[in-house]
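Structural features, examined
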Amino acid sequence: MEGLPFLPGNTFRDPTQMKYHVNQTLSYKNGYRTSARPDIGIGGTQLFYNQLSENELDTLANFNPVLTYGQAKQAPPAAFVPSHVHWDKKVLKFSGYFKETVHESPSEYYRVRPVDVYYYLEDDSIAVVEPPVPNSGMTQGRLIRRQRLPKNDQGDIWHWKDINLGMNITFYGRNFHITSCDKFTKDFLESEGIIVNEPESIPGDPYLAKRTGTSALKTSKTQSSFDKLRQFKELDRKVLRFYCVWNDSENMFGEVRPFVIHYYLVDDTLEVREVHQPNNGRDPFPVLIGRHRVPKNRFAVPPSFPSIVLELSEQEMKDYITPKDFRVGKTVTIYGRPFLIYDCDNFTKGFYYNHFGITNFDPIEVKGLTKQLPKM
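To keep things clear, this report deals only with the structure shown in the data block.

Criteria and thresholds
Residues numbered from 1 in each chain as written. Predicted model: local features only at pLDDT ≥ 70, side-chain atom pairs only at ≥ 80, totals over all residues. Heavy atoms only, no water. 1 Å grid on protein atoms, 1.4 Å probe; cavity = no way out; pocket = protein on both sides within 12 Å on 5 of 7 lines; lining within 4 Å. Points joined across faces, edges and corners; volume = space filled by probe spheres on them. Nonpolar A, V, L, I, M, F, W, Y, C, P; charged D, E, K, R; others polar. Phe/Tyr/Trp six-rings, centres within 6.5 Å; stacked < 30°, edge-to-face > 60°. Buried < 20%, exposed > 50% of the residue type's maximum accessible area, 1.4 Å probe, protein only. Lys NZ or Arg CZ within 6 Å of the ring centre and 35° of its normal. Core = buried A, V, L, I, M, F, W, Y, C linked by side-chain atoms within 4.5 Å. Helix = DSSP H or I, 4+ residues; strand = E, 2+ residues; numbered from the N terminus. Contact = heavy atoms within 4.5 Å. Pairing = 2+ DSSP bridges. Axes fitted to C-alpha atoms, helices over the stretch in contact; angles between N-to-C directions.

It is worth spelling out empty space enclosed by the protein at this point. Gaps between atoms show up when a probe of the same size as a water molecule is rolled over them. For the structure shown, the criterion picks out 1 cavity of 30 Å³ or more. Quantified by volume, the largest cavity comes out at close to 50 Å³. In this structure, the largest cavity is lined by F242, F326, R327, V328, C344, T348, Y352, I358, N360 and F361. Of the residues assigned to the lining of the largest cavity, the class counts are 7 nonpolar, 2 polar and 1 charged.

Right under this line is the structure:
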């Protein structure tokens with residue numbers, strides 16, 4: 001059998017072979033199972049293994065065998081990706097401006113309006129958006145909605161190859177000057193072989209510069225250090241409270257009645273509220289004098305004033321009650337009624353101490369003012 005070629009039909013069984021078992025490849029070492037290569041091969045021949053060098057092993061690992069005869073099998077084509085999927089969410093952003101002429105205005109001739117031009121690679125559509133500028137006085141936002149913009153009368157549309165920095169593009173009769181772009185747009189145009197021009201700056205709007213200047217808005221300052229707006233901001237919800245009594249005991253059936261005077265610092269008005277006691281026999285009307293500016297002397301008007309047809313105004317009544325007229329222990333006359341102030345709250349005390357320097361706020365005893373009625 002040594003001279004027979006190794007071809008189908010020429011292999012014969014060796015009659016001298018008596019053992020048909022498979023050599024053992026598993027063994028135990030230090031109590032662990034390990035694999036071992038057989039030293040004797042088929043037919044009693046010794047096996048030689050791991051005789052290749054490292055370079056040969058690397059060459060065999062990277063070797064792609066091909067058929068000796070016939071054409072090699074071609075690699076499968078790459079998966080087809082549609083253009084709308086490949087360019088989805090990829091947008092080129094250009095920044096620019098356009099000038100708008102202002103007619104019939106003596107303070108401005110034109111306005112510089114910055115815009116952002118978005119080019120969508122998915123379907124070659126373009127959108128023009130004007131970023132909002134504070135106090136511009138114009139409606140801003142989306143100027144041209146997303147669509148394919150015509151380039152000429154022949155039906156051509158604007159393409160990203162036609163747009164570059166420093167050039168003017170016309171959309172529906174309006175010229176837009178492109179000044180700059182973002183990094184993605186610049187890298188995309190350079191990868192396609194387009195030389196991107198140097199970026200430019202957007203010129204300033206002369207009208208906005210005039211408004212933001214020092215002499216743009218004429219501001220006036222009140223001559224006095226106090227005005228109504230400041231009075232409203234600083235003295236709103238600040239009320240002076242005085243505890244007083246009206247001694248009407250000299251008249252028939254008169255008595256000493258307690259009241260509370262509220263003086264509103266926000267508008268220099270006051271009101272008089274009655275303090276009711278249980279079973280005092282009076283109707284529960286809380287307000288004796290409503291809130292308004294009270295003149296010091298209601299009847300100090302010229303005799304020629306027609307009071308029957310006209311009401312009193314600030315021209316006739318110029319002297320009103322102010323916080324200077326109130327003080328603990330002082331009697332204030334309001335519409336002919338004398339009110340004796342015998343105490344005030346803590347906020348009122350602090351107000352008079354800070355503004356008038358008054359430190360004496362000792363309350364006055366008013367219980368002895370009540371007339372002693374004779375007993376039966």
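As enumerated under the stated definition, the model contains 14 aromatic pairs in all. When the ring of F171 is compared with that of F176, the centres are 5.6 Å apart and the planes differ by 40 degrees; the resulting orientation is tilted. For the pair formed by F171 and F176, the shared burial category is buried. Taking 5.3 Å as the distance between ring centres and 35 degrees as the angle between the ring planes, the aromatic pair formed by Y352 and F356 counts as tilted. Here Y352 falls in the buried class, since its relative accessible area comes to 3%. Among the residues examined, F356 registers a relative accessible area of 35% and is labelled partly exposed. A network of ring pairs unites the aromatic residues F242, Y263, F326, F351, Y352 and F356 as a single cluster. Note that K151 overlies the ring of W158, its terminal NZ or CZ placed 5.5 Å from the centroid. Looking at R337, its charged tip hangs above the ring of W246, at a distance of 5.4 Å from the centre.

Moving on to the nonpolar core. By size, the foremost hydrophobic cluster in this structure holds 25 residues, and its most contacted members are F242, F326 and I334. Listing elements by their share of this core, those giving two or more residues are β9 (239-247), β10 (256-264), β11 (269-274), β13 (331-334), β14 (337-344) and α6 (346-355). Considering each element in turn, this core owes the most residues, 4 residues, to β9. Those residues in contact with I334 that lie beyond four places of it in its chain are I261, L270, V272, I289, V294, I321 and F339. Counting 23 residues, the second-largest nonpolar core is a separate cluster that includes Y119, I178, F188 and V196.

Moving on, we come to the sheet that holds strand β8 (residues 174-181). One open sheet holds the 6 strands; their spatial order is β6-β5-β4-β3-β8-β7, and the pairing between them is antiparallel. Two strands close off the open sheet at either side, each with one partner strand: β6 (141-147) and β7 (168-171). In this sheet, neighbouring strand axes are inclined to one another by 30 degrees on average, regardless of whether the strands run parallel or antiparallel. Sheet topology places strand β5 (residues 125-130) next to β6; 4 bridges connect them, and they run antiparallel.

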